[in-house]
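If you want the building blocks of each chain, they are given just below.
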Amino acid sequence: MHDFLDGGDDRRSELVTWRRLPDETLAALFRVTAPREAYLERLRAIDAIERFETAPGADSFFLKAYERLGGPTETFIDAFVDTEFLSVPPVVFRPAGRLSFGLIGPPDQLRDALAAIPDPITVEIDRIGSYGGGRRLAGVGLTERQREALRAANHVGYYEVPRTGSVDDVAAAIDCSPSTAGAHLRKAEAALVDAFLGRSG
């Protein structure tokens, strides 16, 4: 169902939480950012989706789906069954069949887990290190994509004085168009400013 995200840089879905049921069904809660009716129409055509429920929302909504396991999805999940790894939500699905997520667990188990992932799926490791926890700003309503844009902007030097990075650099880092990257930054910056003025003013 995630191939529908290929329709634009601003489309994404986040797997918030999930549970493998005794009947070999995967119950999963998603936060979806995409045109609602078109997305649900595509969802209804997928045989593996047994049923789903949604919360209100036009272009951003929550979706609870029950998916019948099998094929690469099941093999991917099984790769981590006998390990001590814990997934750090959200699991973010992006255009072109890509997803990103974090794992916490023993480094010595990582090689075997990755080797068990089926061939249709390729893995790239972004970074390895000690887990420092997610840094969420209390009272600031940023989306995960906006946080990602801010992190990328800070990394490429967009906020350095003098500035050493550009919106184009941010766009390349988070794999979207410059106009979309700029919109993410402006919305995130506006939310941060509003939160600061609201607390201090």
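**Q** Which residues make up the sheet that holds strand β6 (residues 98–104), and what values do they have?
**A** A sheet is described by the order of its strands in space; here six strands give the open sequence β3-β4-β2-β1-β5-β6, paired in antiparallel fashion. Taken across any chain shown, the strands that pair with only one partner, and hence form the sheet edges, are β3 (49–54) and β6. The mean angle between the axes of side-by-side strands here comes to 25°, regardless of whether they run parallel or antiparallel. Of the pairings in the sheet, the one linking β3 to strand β4 (residues 60–68) comprises five bridges and is antiparallel in character. Each residue of the ladder has a partner; that of Phe 52, found in β4, is Ala 65. Docked against the sheet, helix α4 (residues 144–156) engages β1 (12–20) and β5 (86–94), running at close to 115° with respect to β1.

**Q** Can you break down α4 residue by residue, with the values?
**A** Its 13 residues give α4 an end-to-end C-alpha distance of 18 Å, which sits within 8% of 18 Å, the value for a rise of 1.5 Å per residue. Burial in α4 covers these residues: Glu 144, Arg 145, Gln 146, Arg 147, Glu 148, Ala 149, Leu 150, Ala 152 and Ala 153. Gly 157 occupies a position one or two residues after α4 and carries a positive phi of about 90°.

**Q** I'd like a description of the pattern of salt bridges, backed by residues and values.
**A** Applying the stated rule across the entire model yields eight salt bridges. Put simply, Arg 20 and Glu 24 hold a salt bridge, and the shortest N to O gap is 2.8 Å. Through salt bridges that share partners, Arg 20, Glu 24 and Asp 78 make up one connected network.

**Q** Which residues make up the packing of aromatic side chains, and what values do they have?
**A** For the coordinates displayed, the defined rule picks out three aromatic pairs. A ring pair is formed by Phe 80 and Phe 85, whose centres lie 6.2 Å apart and whose planes are at 85°; its orientation type is edge-to-face. Taking the centre distance of 5.1 Å and the plane angle of 85° together, the rings of Tyr 158 and Tyr 159 count as edge-to-face. You can call Tyr 158 buried: its relative accessible area is 13%.

**Q** Could you give an account of the pairing of β5, with specific residues and numbers?
**A** With three bridges connecting them, β1 and β5 associate as antiparallel partners. Counted as the bridge partner of Ser 13 is Phe 93 from β5. Pairing of β5 with β6, which is carried by six bridges, proceeds in the antiparallel orientation. By the bridge assignment for β6, Arg 94 is matched with Arg 98. Count of turn residues in the β5/β6 antiparallel hairpin: three residues, of which Ala 96 carries a positive phi of about 65°.

**Q** I'd like a rundown of the environment of Asp 126, residues and numbers included.
**A** Tracing the sequence through the fold places Asp 126 in the loop between α3 (110–115) and α4. For Asp 126 and Ser 100, which are 26 residues apart along the polypeptide, the C-alpha to C-alpha distance reads 9.3 Å.

About the cut-offs
Residues numbered from 1 in each chain as written. Predicted model: local features only at pLDDT ≥ 70, side-chain atom pairs only at ≥ 80, totals over all residues. Heavy atoms only, no water. Pairing = 2+ DSSP bridges. Helix = DSSP H or I, 4+ residues; strand = E, 2+ residues; numbered from the N terminus. Axes fitted to C-alpha atoms, helices over the stretch in contact; angles between N-to-C directions. Contact = heavy atoms within 4.5 Å. Expected span 1.5 Å × (residues − 1). Buried < 20%, exposed > 50% of the residue type's maximum accessible area, 1.4 Å probe, protein only. Salt bridge = Lys/Arg side-chain N within 4 Å of Asp/Glu carboxyl O. Phe/Tyr/Trp six-rings, centres within 6.5 Å; stacked < 30°, edge-to-face > 60°.

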